[in-house]
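Structure at a glance
Residues per chain, in single letters:
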Amino acid sequence: NYNDFLSLRLISPSFLFVLVFIFVFNYVLISFITKKLLASLNITIFFKESFAISIVTGFYNIITPFRGGMAIRALYLKKKHQFSYSHFASSLWASYILIFLVSGFIGLVSTLVIYFKEHFFSWILFSIFFLDVIFFLAIIIFSPQLKLTNNKFINKAIQMINGWYLIKDNKKMLFSIVLLSSLQLFLSSLMLQLQFHVFGIDVSFVNVLFLTSISSLGIIIGLTPAGLGIQEAITVFSALTIGITPVQSLSAVLLGRAISFVVLFILGPIFSWLLLKRTGKHLN
């Protein structure tokens, strides 16, 4: 559809600066989530360090497959704060549980609102959101605390699960992370709406909320660097169910992808060097 893409024009290029600001601010929220999760496992870091860790994680996620930025984060926390890999896995697992629960719930609500307002509906996507909410609510409510065994490999998995149990019992912290995750999702939705607006495409906020929710669930499929291609495919096919053409949705998504690449390729190496410098001092 080359000619369809050629017909698109940057109607509001000034919004590009707003998009950059929103993208960076989204990492501020991610930093608060990281800081609170680590605090629940007795690791105290300042916000500046948490922000640097979040940016570096995002940077390495876009240049390595299978979300390799998480491995870099785990290695840094191990060397700088003696944070065990099992507890790191617990914090990562906890963050994903809460993010997927928030995404599923907001996606479920937005699906119903779109149906009643615009009469678009997808049983497949509705079922995905519904099963997501049920599954992760069950984990939060019913996950048990396990006892250690004589097998050290099994114990590693048990320590990860029990680490989540410690996080789960901190109701105040859980509420804070759910609130921050919700704000992050709404902010990402606002950014996507502006990405459409840059090309002169008007999309309602509830529609972009729906698209952002299903895209967040796509984090599970981290086969390519930053989910490149996978995230776009999920958004494009989901957009079709609510009447947004592939040319429109792909243009908006690729604009967001370009902004993330530019910002992270500028900030990522800078914060990588700063964290490496801090780690080196600590080891010496």
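Residues numbered from 1 in each chain as written. Predicted model: local features only at pLDDT ≥ 70, side-chain atom pairs only at ≥ 80, totals over all residues. Heavy atoms only, no water.

For the rest of this paragraph, the subject is the overall build of the protein chain. Scanning the protein chain from N- to C-terminus turns up eleven helices and zero strands. Ordered by position in the sequence, the α and β elements of the protein chain form the string α-α-α-α-α-α-α-α-α-α-α. Across the protein chain, every contact between residues at least 6 apart in sequence was considered, and the portion connecting residues at least 24 apart equals 72%. Summed over its atoms, the accessible surface of the protein chain is roughly 14,600 Å², and 72% of this surface lies on carbon and sulfur atoms. (Helix = DSSP H or I, 4+ residues; strand = E, 2+ residues; numbered from the N terminus. Contact = heavy atoms within 4.5 Å. Areas by Shrake-Rupley, 256 points an atom, 1.4 Å probe, with all protein chains shown as cover.)

To continue, consider the packing of aromatic side chains. For the structure shown, the criterion picks out 19 aromatic pairs. Judged by centre distance (6.0 Å) and plane angle (70°), the rings of Phe129 and Phe210 are edge-to-face. Of the two residues, Phe129 sits in helix H6 (residues 123–142) while Phe210 sits in helix H9 (residues 205–217), which places them 81 residues apart along the sequence. Phe210 sits in the buried class, given a relative accessible area of 3%. Taking the centre distance of 6.1 Å and the plane angle of 45° together, the rings of Phe261 and Phe265 count as tilted. In this pair, Phe261 and Phe265 both sit in helix H11 (residues 246–283), four residues apart, roughly one turn of the helix. Residue Phe261 is classed as partly exposed on the basis of its relative accessible area, which comes to 25%. Grouping aromatic residues by their ring pairs yields a cluster made of Tyr115, Phe116, Phe121, Trp123, Phe126 and Phe130. (Phe/Tyr/Trp six-rings, centres within 6.5 Å; stacked < 30°, edge-to-face > 60°. Buried < 20%, exposed > 50% of the residue type's maximum accessible area, 1.4 Å probe, protein only.)

With that settled, the discussion passes to empty space enclosed by the protein. Under the counting rule described, the total for this entry stands at two cavities of 30 Å³ or more. Lining of the largest cavity is provided by 49 residues; of these, Tyr27, Ile30, Gln184, Ser188 and Ile219 occupy positions nearest its centre. Listed by contribution, the elements that provide at least two residues to the lining of the largest cavity are helix H2 (15–40), helix H3 (47–63), helix H4 (69–81), helix H5 (85–118), helix H8 (171–198), H9, helix H10 (230–240) and H11. Residue composition of the lining of the largest cavity, grouped by class: 22 nonpolar, 23 polar and four charged. Reported here for the second largest cavity is a volume of approximately 40 Å³. Around the second largest cavity sit Thr111, Ile114, Phe120, Phe121, Ser122, Phe210, Thr241 and Ile242, which together line it. Looking at the lining of the second largest cavity residue by residue, the classes come out as five nonpolar, three polar and no charged. (1 Å grid on protein atoms, 1.4 Å probe; cavity = no way out; pocket = protein on both sides within 12 Å on 5 of 7 lines; lining within 4 Å. Points joined across faces, edges and corners; volume = space filled by probe spheres on them. Nonpolar A, V, L, I, M, F, W, Y, C, P; charged D, E, K, R; others polar.)

What follows concerns the layout of surface pockets. For the largest pocket, the calculated volume is near 270 Å³. The element that contributes the greatest number of residues to the lining of the largest pocket is H4, accounting for five residues. Partitioning the lining of the largest pocket into residue classes produces eight nonpolar, three polar and two charged.

Mapping Ser189 onto the fold places it in helix H8. Setting aside anything within four residues of it in sequence, one finds Ser189 in contact with Phe205, Val208, Leu209 and Thr212.

So, on to the confidence of the model for the protein chain. Within the protein chain, residue pLDDT values average 83, and 89% of them lie at 70 or more. In the model of the protein chain, helix H1 (residues 2–6) stands out as the element of lowest mean pLDDT, 57, in contrast to H3, which has the highest, 91. (pLDDT = per-residue confidence, 0-100.)

Attention now moves to H6. Taking 1.5 Å as the rise per residue, H6 with 20 residues should run 28 Å; its terminal C-alpha atoms sit 28 Å apart, in good agreement. For H6, the set of buried residues is Leu125, Phe126, Phe129, Asp132, Val133, Phe136, Ile139 and Ile140. (Expected span 1.5 Å × (residues − 1).)

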